[in-house]
Amino acid sequence: MRGQLIRQRTLLFIIAGCIAALPGCSSHESGGGGPAVKVGKGGTEPQNVAGKYGGHLTDSTISDPKTFNIWLAAETSSTDALNPIYEALNDLNLYTLKFEPRLADLPQVSADGLTYTYKLKEGLKWSDGEPITADDVCFTLDVLYDPKIATTYREVLLVDIDQPDGTVKREPFKYQKIDARTVQFILPVKWGPANSMFSFPIAPKHKLSAAYSAGSFNSTWGVNTDPKELVASGGWVIQEYVPRQRIVYKRNPNYWRKTEDGKPLPYMETWTTLVVPDFNAETLKFRSKDTDVIEPIQPPDFPELKKGESQGDYTVYERGPGWGNNFISFNQNLTSNVDPNLISLFRDVRFRRAVSHAVNRKRIVNDLFQGLAEPLYGPETPANTELYNPNVPRFEYDLAKAKALLDEIGVKDTNGDGIREYNGKPVKFNILTNAENEQRKGIATIISEDLRNIGLGAQFTPIAFNDLIRRLDTTPYNWDAIVLGFTGGPEPHSGSNVWRSSGRTHQWWPLQKKPSTPWEAEIDKLFTEGAHELDPAKRKAIYDRWQVVAAEQLPLIYTIVVQGNSGLRNRFGNVKPVSFPHAFRWNIEQMFDKTAQLPTP
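Note that the structure is predicted; figures quoted are calculated from it, not measured.

1. Looking at the overall build of the protein
Across its full length, the protein holds 16 helices and 27 strands. Taking 2.2 N^0.38 as the reference for a compact globule, 601 residues should give roughly 25 Å; the C-alpha atoms of the protein span a radius of gyration of 24 Å, in line with that estimate. Considering only C-alpha atoms, the protein reaches an extent of 75 × 65 × 45 Å along its principal axes. Looking at the protein residue by residue over its 601 residues, the buried ones come to 62%. A separation of at least 24 residues holds for 71% of the contacts in the protein among residues at least 6 apart in sequence.

Have a look at this one:
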C-alpha cells in the first residue's frame, strides 16, 4: 500500500494514522549537493505563474491497477491510476492542508452544525460532455451506502451514534437533491471529520446507473474495460492502458478549473505513467531520462542523484520524515483457514512483543536505508508534528527479552532442532510482502532472519501486490504474516476502517461483528470519541491514547519511517512539492512544461 496521489478521498482505506491539526512548513539539511528544498507541510502555497500549453510529463509506478472502478478500489495501485480522472465536491489542498472548492463551492453549514449545503459550480461537464449534477452526487451515495457494493468508502461514510446501553450504532447521513446544482447532507450528530467524509469521488450516473440497477456494479469497469468507456470529472482522461507497460492520460477539455485569468487547465497535453517491475527499474528509467520523476529515491541512489542535480538538470526534493509507516502484522482472524495453533499464538500480545524485541530496526535503517530512516514504534510518525506521541511504549531490540517472553508463553525448543514449539507443534510461518517493492523485501528478509535468531521458523515469500491485497481482503484470509505499510494523512478518522474492529481493512481480523479483545473495543471507543470531539486539545488527547494502546498491543508491529526524497526535471513550472507520497502529482493540472509550444486551447 504505497503512497499515491493522495487526494483526501483516497485516505479512506489506506491510512494507518493521521494528524489532528496542521503542521507548519519545514525542511532539513541535505545529504550533499546543496540545501534541502522546502516542501509543503501546511505552509502558504506559492503563487502560480502563467504557463505554456502542450508538453508532456512521464512518471512511473511499480503496480498495475486492479480495477478502473474507483468506488471499488481497495489498493493504491488502482487509486494511483484513477485519482487524476475523478474529483470530489471539496478536497484538501495538500500544500496548505486546508479544504478548498472542487466541483462545488465550500458548503454552507447550519447554525447547529448538522446540515451542509453544497452548490455545484455552473456549467460542470463530464469529459463526454454530459452535465455533472446533483443527481450524480446522490447516485454516488446510493451506491456507496448499498451493502451489496464491495466498497471501502462506506466505512467512513457512517456516523457514530451513542446508544443508551453504552454501545455505538453506526448510521449513514441523510442526503437530498435540492435542485439540479444543489445537494444537502444532514448529519444525525455533530461530526468532526465531516469535511473529510464528504470528499468522496463523484460517480457518473449516466454511465453507471444501468449496471447498478442490473446488480452488476461490482464487476463494472474492470481493467479490461476500454478506457474510452470511462468518463472524467478531473483534469485528465485515460487515453490508453497497456498492462505491465503504461497508462497514458490526455487533458480533459471539459475540466472545470481555470487559471486566475480564466484560461483552461491543465496546461500539459499528455501525461504517461510507465508500469515498471520494481523501484530499481524506476531509478534506471530516471537516470536514462525515460521519466521526468523519481519517487521515492532509493537510499543507495540518493548520494549520486543528489550530486548529479546540475548535470542532469533536475532537482532532488528532500521531504523529511515520511507520513507513512512500515510494519509486520500477524493474522489473528479466528475465521481464517490459518493453522489455529498459530492463530492462538499470534493473538497472544507477549508473542507480538517478543517479535518487536527481536526486530533489529537499526540494522534496517543502516543496511537498507543508509541512515535515511529512523525506528518507529507506534502508528504515527514524527512528520505529524501536531499528533505524534513520542511517549508510546517501545519494545526495542533486545533478544534476551524476546526469548524470555517466548519462554513465558511456553514456546520452547524441546527437541533441539533450533525451532521452538507451541503446544507440541513447531512454530513455522510465512511472511509475505509485495514483490515489486525492494525496500519491503529487504525489510522482510531482515525480519525473517531476526525471528529465526530467536528460534521461530520464519520464512519469507514475495508475491505480486494485487495477489497480496486479495489475501488480505478476501475469505479465507489465507496469510500468516505480512510486511506492509500505510500512508499517513491529515484526518485521524480517515484511518477508522483500519482501526475499527468492524472495518474492512482492520488487517489482522477484518469485519468483526463485535470486538474480539478489550483493547480493540477501547480503540473503537476512542475513534468514536475522536470523531465527535471538535476541541483540538481534547481531540489530541484522545488520539494520544490510541497511539499508546496500539503500541502496547502491537496488532501492527512498526519498524521504521523512511525519509522522503523525490526528483523532478527542471523543465517544469508551478512545481509545489508536498510532504506526501507522489509529491508533485497533487497539482499536476497547474504544472507546465517550459518547452511546450501549443497555443491556448
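Moving on, there is more to tell.
2. What to know about the pattern of salt bridges
Under the criterion given, the structure shown has 35 salt bridges. One salt bridge connects Arg 350 with Asp 348, and the closest N-O pair in it is separated by 2.7 Å. Look at Asp 348 and you get buried, because its relative accessible area is 15%. The salt bridge involving Glu 408 is made with Arg 350; its shortest N-O contact spans 3.3 Å. Pair noted here: Glu 408 is in helix α11 (residues 399-409) and Arg 350 is in helix α9 (residues 349-358), with a separation of 58 residues, a long-range link.

3. What about unusual backbone geometry?
For the bond from Leu 265 to Pro 266, the omega torsion is 0°, close enough to zero to count as cis. Its place among the elements puts Pro 266 in the loop between β12 (246-251) and β13 (270-275). Look at the link from Glu 295 to Pro 296: it is a cis peptide, with omega at -5°. Tracing the backbone through its elements, the reader meets Pro 296 in the loop between β14 (293-294) and α6 (302-307). Of note, the phi angle at Asn 423 is positive, near 55°, even though the residue is not glycine. Located in the positive-phi region is Asn 574, a residue other than glycine, with phi close to 55°. Examined against the element boundaries, Asn 574 turns out to sit in the loop between β26 (572-573) and β27 (592-593). Exposure remark for Asn 574: the relative accessible area of 10% places this residue in the buried category.

4. As for the sheet that holds strand β9 (residues 174-179)
The antiparallel open sheet is built from 4 strands, whose spatial order is β5-β6-β10-β9. Looking at the sheet topology across the chains shown, the edges are occupied by β5 (108-109) and β9. Two strands pair when backbone bridges link them, and β9 and strand β10 (residues 182-186) are joined in this way by 5 bridges, in the antiparallel orientation. Residue pairing in the sheet places Lys 174 in a bridge with Ile 186 of β10. The strands touched by helix α2 (residues 134-144) within the sheet are β9 and β10, with β9 carrying the most contacts at an inclination of about 165°.

5. Things to note about α11
Every buried residue of α11 is listed here: Ala 402, Leu 405, Leu 406 and Ile 409. When α11 is viewed along its axis, its buried side chains cluster within an angular range of 100° and face the same direction. Facing away from the buried surface of α11 by more than 90 degrees, the exposed residues are Ala 400 and Glu 408. Lining the buried residues of α11 we find α8 (340-346), α9 and β18 (421-422). With a side-chain oxygen positioned 3.2 Å from the backbone nitrogen of Ala 400, the residue opening α11 is Asp 398. One or two residues past the end of α11 sits Gly 410, with phi positive at roughly 100°.

6. Here we look at the packing of aromatic side chains
Scanning the model with the defined rule gives 36 aromatic pairs in all. An aromatic cluster is defined as three or more aromatic residues linked by ring pairs; in this entry it consists of Tyr 116, Tyr 118, Tyr 145, Phe 173, Tyr 175, Phe 185, Phe 198 and Phe 200. Over the aromatic face of Phe 286 sits the side chain of Arg 569, whose NZ or CZ is 3.9 Å from the ring centroid.

7. Re the environment of Ile 62
Examined against the element boundaries, Ile 62 turns out to sit in the loop between β2 (56-61) and α1 (76-82). In contact with Ile 62, not counting residues within four places along its chain, are Val 276, Pro 277, Asp 278, Phe 279, Glu 282, Glu 436 and Asn 437.

8. Observations regarding the confidence of the model for the protein
When pLDDT is averaged along the protein, the result is 90; 93% of the residues meet or exceed 70. Predicted confidence for residues 1-36 stays below pLDDT 50, and this span has 166 contacts to residues more than four positions away or in other chains.

9. Points about the sheet that holds strand β22 (residues 481-484)
If you walk across this open sheet you meet the 5 strands as β21-β20-β22-β16-β24, and the pairing is mixed. Bordering the open sheet on either side are β21 (457-463) and β24 (556-558), each of which pairs with just one other strand. On average, each strand axis in the sheet is inclined to that of its neighbour by 25°, with strand direction left out of account. Bridge analysis of strand β20 (residues 428-434) against β21 gives 7 bridges, and the strand direction is parallel. Residue pairing across strands places Asn 434 opposite Ile 463, the latter belonging to β21. Docked against the sheet, helix α12 (residues 438-453) engages β16 (327-330), β20, β21 and β22, running at close to 165° with respect to β20.

Cut-offs and rules
- Residues numbered from 1 in each chain as written.
- Predicted model: local features only at pLDDT ≥ 70, side-chain atom pairs only at ≥ 80, totals over all residues.
- Heavy atoms only, no water.
- Helix = DSSP H or I, 4+ residues; strand = E, 2+ residues; numbered from the N terminus.
- Rg over C-alpha atoms; globule rule 2.2 N^0.38 Å.
- Buried < 20%, exposed > 50% of the residue type's maximum accessible area, 1.4 Å probe, protein only.
- Contact = heavy atoms within 4.5 Å.
- Salt bridge = Lys/Arg side-chain N within 4 Å of Asp/Glu carboxyl O.
- Pairing = 2+ DSSP bridges.
- Axes fitted to C-alpha atoms, helices over the stretch in contact; angles between N-to-C directions.
- Arc of directions from axis to C-beta.
- Polar contact = N/O pair within 3.5 Å; in protein donor to acceptor, adjacent residues only side chain to side chain.
- Phe/Tyr/Trp six-rings, centres within 6.5 Å; stacked < 30°, edge-to-face > 60°.
- Lys NZ or Arg CZ within 6 Å of the ring centre and 35° of its normal.
- pLDDT = per-residue confidence, 0-100.

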